[in-house]
Amino acid sequence: AQSVSQHNHHVILSEAASLELGCNYSYGGTVNLFWYVQYPGQHLQLLLKYFSGDPLVKGIKGFEAEFIKSKFSFNLRKPSVQWSDTAEYFCAVTRSILTGGGNKLTFGTGTQLKVEL
Amino acid sequence: EAGVAQSPRYKIIEKRQSVAFWCNPISGHATLYWYQQILGQGPKLLIQFQNNGVVDDSQLPKDRFSAERLKGVDSTLKIQPAKLEDSAVYLCASRADPNTEAFFGQGTRLTVV
């Protein structure tokens, strides 16, 4: 069964600091990977996704993530965070349709990011 | 494009009462998911529909939870009877196909007292 691990549960940064949030998944086959963000009082929104191709994926608001297949990882990065990035971040995985994936979307436990002025 | 609609936004019930949540996915999206998100945890999949058929309900507590997606469009999730530990946000999401992302509704925050 597929699973996702997010190692950092709470992260506090000052504005302009660099961010890296860890995400590891368990499935050995081909996967599709996502980072979702939930701002306070809002619904889950897609930050970025990886399906195939360039393992370095760029998303909205200056976020990027790198898929490293050998490490089963899809870490999220941002060079310089802003106060408005305060939110909860979720990594998610589905098995690729190429490997008979059933479209099941599995989430990690989330990382609460607080950016201080 | 209209998003995923859920209602109600908030619900407070006493334990052992029943409650129902409604979800209207994005038009044309074949896959519909219901998730339970307990405070401090990630969304946990309860049930997944493909059109009007159930694909995965392995984590649905079937003794008290039920869900249906009549005609492959709207869906309802019911809890009967509710327990204190059912207090959570219930999220609905829809997805056009496996090559796209899922879109989420605002969720229904359930408090069982």
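In this text the structure is predicted, and so the values were computed from the model without any measurement. (Residues numbered from 1 in each chain as written. Chains lettered and ligands numbered in written order. Predicted model: local features only at pLDDT ≥ 70, side-chain atom pairs only at ≥ 80, totals over all residues. Heavy atoms only, no water.)

**A look at the interface of chain B and chain A**
Taken together, the 24 residues of chain B in the interface contact 21 residues of chain A. Carbon and sulfur atoms make up 50% of the surface buried where chain B meets chain A, a total of about 1,800 Å² over both sides. For chain B, the biggest contributors to the area lost against chain A are Pro98, Glu101 and Phe104 of chain B; these three give 29% of the whole. Across the chain B-chain A interface, the total number found is 2 salt bridges. Between Asp56 of chain B and Lys104 of chain A there is a salt bridge whose closest N-O contact spans 3.5 Å. At the boundary of chain B and chain A, one finds 6 residue pairs in polar contact (both at pLDDT 80 or more). For the side of chain B that touches chain A, the secondary structure elements donating two or more residues are β4 (31-37), β5 (44-50), β6 (53-56) and β9 (88-95) of chain B. (Contact = heavy atoms within 4.5 Å. Buried area = accessible area lost by both parts, 1.4 Å probe. Salt bridge = Lys/Arg side-chain N within 4 Å of Asp/Glu carboxyl O. Polar contact = N/O pair within 3.5 Å; in protein donor to acceptor, adjacent residues only side chain to side chain. Helix = DSSP H or I, 4+ residues; strand = E, 2+ residues; numbered from the N terminus.)

**Brief notes about the state of the cysteines**
Taken as a whole and assessed by the stated rule, the structure comprises 2 disulfides over all chains. The disulfide that involves Cys23 of chain A links it to Cys91 of chain A, with 1.9 Å between the sulfurs. With the S-S bond torsion at -65 degrees, the cross-link from Cys23 of chain A to Cys91 of chain A turns out left-handed. Taken together, the residues Cys23 of chain A in the loop between β3 (19-21) and β4 (24-25) and Cys91 of chain A in strand β10 (residues 87-95) connect sequence positions 68 residues apart. Of the two residues, Cys23 of chain A and Cys91 of chain A, both sit in the buried class. Residue Cys23 of chain B pairs covalently with Cys92 of chain B via a disulfide, S to S 1.9 Å. Because the torsion about its S-S bond is -70 degrees, the bridge between Cys23 of chain B and Cys92 of chain B counts as left-handed. Here the residue Cys23 of chain B occupies a position in strand β3 (residues 19-24), and Cys92 of chain B occupies one in strand β9, the gap between them amounting to 69 residues. In this structure, Cys23 of chain B and Cys92 of chain B share a single accessibility class: buried. (Disulfide = S-S within 2.5 Å. Buried < 20%, exposed > 50% of the residue type's maximum accessible area, 1.4 Å probe, protein only.)

**Some remarks on the pairing of strand β11 (residues 108-112) of chain B**
Residue and element names in this part refer to chain B. Side chains Thr108, Leu110 and Val112 of β11 all project onto a buried face; the interleaved residues Arg109 and Thr111 project onto a face where none is buried. Bridge count for strand β2 (residues 10-13) against β11 is 4 bridges, and the pairing is parallel. From the neighbouring strand, Tyr10 faces β11, where its bridge partner is Arg109. Alignment of β9 against β11, held across 3 bridges, turns out to be antiparallel. (Pairing = 2+ DSSP bridges.)

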